[in-house]
Amino acid sequence: MIAPARRITAVCALGAALAACGTAGTPGTARPAHAEPGTAASPSGSRAPVLAPGPDGLTPVFEHGPRTLGKTVALTFDADMTADQGPRAASGEHFDNPDLIGTLRTLKVPATVFMTGRWAEQYPAQARSLGHDPQFEVANHSYSHYAFTDDCYGLPTVGPDRMRTDVERAYTALHKAGVSDALPYFRFPGGCYDRQALRALSGIGVTAVQWDVVSGDAFATDADAVVRQVLDGVKPGSVVVMHCTRSAAPTTEQVVRTVVPELRKQGYRFVKVSELIGETKGHR
């Protein structure tokens, strides 16, 4: 529920982390394109469930699925790269993590990847591989990974008049990279948003996806601590936010190798965010 005229900022110590993910795995069946290259793209994913708009037509926000429909959990991974980090990537910094995606494939764990447009431009082959693999779904994490509020973990900000354009530019970049069916889900950089941001994105047709479990993996060096935080936080219907980059979240692959079998032992089934949204009342 969105409180009127009140700032709502996600509690996420990882908000400013510039994480990313990718893989060189084998792509699956290509999906139909949704926009011509070079145009202002919108989400396709017409088959994907979305939440109905909130009060006054505001962009709806999703945090977790139903608690009473079985032990399901969605692992989500933010593929973050800001608009100005090209020189760091050119000098050898890795904003991708193929080993992590390979582990998810080996363990047969479906996942939702929230990808910035800038990351897709940097790693188009990896973006395309994820977008064509039915084990994964790719959603929008903005183009630039600039914040949509003024006080979001030190991130640069996007003005209200540029928020919608930034999201549309991300869809265009994803499409150009080969992600032809990016879903109508959007994750705010840093998880930071307010009514102004929700209003700016009204009409695009996206559902804003947050989380209820903060993994703590960004910049973490103690994988066991991250594992404990995830296992202690997961409930039926949970959405876990994680990152997949070798430079800013170096323990995540190890965390996944531990968390996945343990949650399966506890009876959990891994699903994509779209499945949780589809089980939520008020979706369409």
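The present account deals with the structure reproduced in this document. The shown structure was predicted, so the numbers you read here are calculated from the model rather than taken from an experiment. Along each chain, the written sequence defines residue order, and numbers are assigned to residues from 1. Per-residue local features are limited, in this predicted model, to residues with pLDDT of at least 70; the limit for side-chain atom pairs, both in listing and counting, is 80 or more; totals at the level of whole chains, interfaces and linings are taken over all residues. Side-chain numbers here rest on the full set of heavy atoms in the structure, without hydrogens or water.

**Topic: the nonpolar core**
Reasoning step 1: Throughout, nonpolar core names a set of buried Ala, Val, Leu, Ile, Met, Phe, Trp, Tyr and Cys residues whose side chains join them through atoms within 4.5 Å. For the exposure calls, accessible area comes from a 1.4 Å probe over protein chains only, and a residue counts as buried if that area is under 20% of its type's maximum, exposed if over 50%, partly exposed in between. Among the nonpolar cores identified, the biggest contains 59 residues, and F77, M115 and F188 are the most heavily contacted of them.
Reasoning step 2: Once residues within four sequence positions are removed from consideration, M115 is found in contact with A79, A120, A127, L130, V138, A139, N140, H141, S142 and L174.
Reasoning step 3: Formed by 18 residues, the second largest nonpolar core is a distinct cluster that contains L51, F114, A139 and V214. We call two residues contacting when some pair of their heavy atoms lies within 4.5 Å.

**Some words on the state of the cysteines**
Reasoning step 1: Two cysteine sulfurs form what is called a disulfide whenever their separation falls within 2.5 Å. Considering all chains together, one arrives at 1 disulfide under this definition.
Reasoning step 2: There is a disulfide in this structure between C152 and C192, and the S-S distance comes to 2.2 Å. Negative torsions about the S-S bond denote left-handed disulfides, and the value of about 80° found for C152 with C192 makes this one right-handed. Highlighted residues: C152 in the loop between β5 (136-140) and α5 (163-177) and C192 in strand β7 (residues 192-193), separated in sequence by 40 residues. Considered together, C152 and C192 belong to a single accessibility category, that of buried residues. The helix count covers DSSP runs of H or I at least four residues long, the strand count covers runs of E at least two residues long, and both are numbered beginning at the N terminus.

**Quick notes on the packing of aromatic side chains**
Reasoning step 1: Here is the rule: rings of Phe, Tyr and Trp (six-membered ring for Trp) pair when centre to centre is within 6.5 Å. Planes less than 30 degrees apart are stacked, more than 60 are edge-to-face, and the remainder are tilted. Inspection of the entire model under this criterion finds 5 aromatic pairs.
Reasoning step 2: Centroid distance F188 to Y193: 5.3 Å. Interplanar angle 20°. Geometry classified as stacked. Comparing F188 with Y193, the two get one shared label, buried.
Reasoning step 3: Through pairs of rings, three or more aromatic residues link up here, namely F148, F186, F188 and Y193.
Reasoning step 4: Two thresholds decide whether a charge sits over a ring: the Lys NZ or Arg CZ must be within 6 Å of the ring centre and within 35 degrees of the ring normal. Over the ring of Y143 we find R169, and its NZ or CZ is 3.7 Å from the ring centre.
Reasoning step 5: One Lys or Arg, R187, reaches over the ring of F114 and ends 4.2 Å from the middle of that ring.

**Let's talk about the pattern of salt bridges**
Reasoning step 1: The term salt bridge refers to a side-chain nitrogen of Lys or Arg lying within 4 Å of a carboxyl oxygen of Asp or Glu. What the rule picks out here adds up to 11 salt bridges.
Reasoning step 2: Close ionic contact of D212 with R67 constitutes a salt bridge, the shortest N to O distance being 2.9 Å. One end of the pair, D212, is in the loop between β8 (207-209) and β9 (213-214); the other, R67, is in the loop between β2 (61-62) and β3 (72-79), with 145 residues separating them in the sequence.
Reasoning step 3: On the accessibility criterion, D212 (27% relative accessible area) is partly exposed.
Reasoning step 4: A salt bridge links E168 to R164; the nearest nitrogen and oxygen atoms lie 3.1 Å apart. One end of the pair, E168, and the other, R164, are both in helix α5, 4 residues apart, so they sit about a helical turn from each other.
Reasoning step 5: The class of E168 is buried, set by a relative accessible area of 17%.
Reasoning step 6: A relative accessible area of 34% places R164 in the partly exposed class.

**What about the side chain of T112?**
Reasoning step 1: Summarising the element assignment, T112 is placed in strand β4 (residues 111-115).
Reasoning step 2: For T112, the side chain forms a polar contact with the main-chain nitrogen of V273, separated by 3.0 Å.
Reasoning step 3: Excluding residues within four positions of it along the chain, T112 makes contact with L75, T76, F77, E137, K272 and V273. Polar contact criterion, stated in full: a pair of N or O atoms within 3.5 Å, where within protein one must be able to donate a hydrogen and the other to accept it, and residues adjacent in sequence count only if both atoms are side-chain atoms.

**A few points about helix α8 (residues 252-265)**
Reasoning step 1: Given the number of residues in a helix, its expected span is that number minus one, multiplied by 1.5 Å. Its 14 residues place the ends of α8 20 Å apart at the C-alpha level, agreeing with the 20 Å of an ideal helix rising 1.5 Å per residue.
Reasoning step 2: Among the residues of α8, T252, V255, V256, V259, V260 and L263 are the ones counted as buried.
Reasoning step 3: One or two positions beyond α8, positive phi appears at G267, with a value near 95°.

**Points about the packing of helix α7 (residues 223-233) against α8**
Reasoning step 1: Two elements in contact, α7 and α8, have axes separated by 9 Å at closest approach and are oriented at 35°. In the packing of α7 onto α8, the handedness of the crossing is right-handed. In this structure, α7 contributes A223, V226, V227, V230 and L231 to the contact, and α8 contributes Q254, V255, T258, V259, E262 and L263.
Reasoning step 2: Amino acids outside the nonpolar list (Ala, Val, Leu, Ile, Met, Phe, Trp, Tyr, Cys, Pro) and the charged list (Asp, Glu, Lys, Arg) are all regarded as polar, and Gly is one of them. Its residues assigned to classes, the contact of α7 with α8 shows 8 nonpolar, 2 polar and 1 charged. What counts as an axis is a line fitted to C-alpha atoms, over the stretch in contact for a helix, and the angles between N-to-C directions run from 0 to 180 degrees. Two helices crossing with the near one rotated counterclockwise from the far one by less than a right angle form a left-handed crossing, whereas a clockwise rotation gives a right-handed crossing.

**Overview of the pairing of β4**
Reasoning step 1: Counting buried positions along β4 yields 5 of 5 residues, so the element is predominantly enclosed.
Reasoning step 2: Neither face of β4 is left uncovered, since the one carrying A111, V113 and M115 and the one carrying T112 and F114 both have all their residues buried.
Reasoning step 3: When β3 meets β4, the two strands line up parallel, connected through 4 bridges. By the bridge assignment for β4, T76 is matched with T112.
Reasoning step 4: The criterion for strand pairing is that DSSP finds at least two bridges linking the strands in question. Sheet topology places β4 next to β5; 5 bridges connect them, and they run parallel. Its bridge partner being in β5, T112 is matched across the sheet by E137.

**Observations regarding the packing of helix α2 (residues 98-107) against α8**
When two helices pack together, their arrangement is captured by the angle between the axes and the distance separating the axes.
Reasoning step 1: Where α2 meets α8, the axes come as close as 9 Å, and the angle between the chain directions of the two elements is 20°. As judged from the angle between their axes, α2 and α8 are roughly parallel. Judged by the sense of rotation from one axis to the other, the crossing of α2 with α8 is right-handed. Contact residues: α2 offers D99, L100, T103, L104 and L107, while α8 offers T252, E253, V256, R257, V260 and R264.
Reasoning step 2: Per-class residue counts for the contact of α2 with α8 are 5 nonpolar, 2 polar and 4 charged. For classification purposes, angles smaller than 35 degrees are called roughly parallel, those larger than 145 roughly antiparallel, those between 65 and 115 roughly perpendicular, and all remaining angles oblique.

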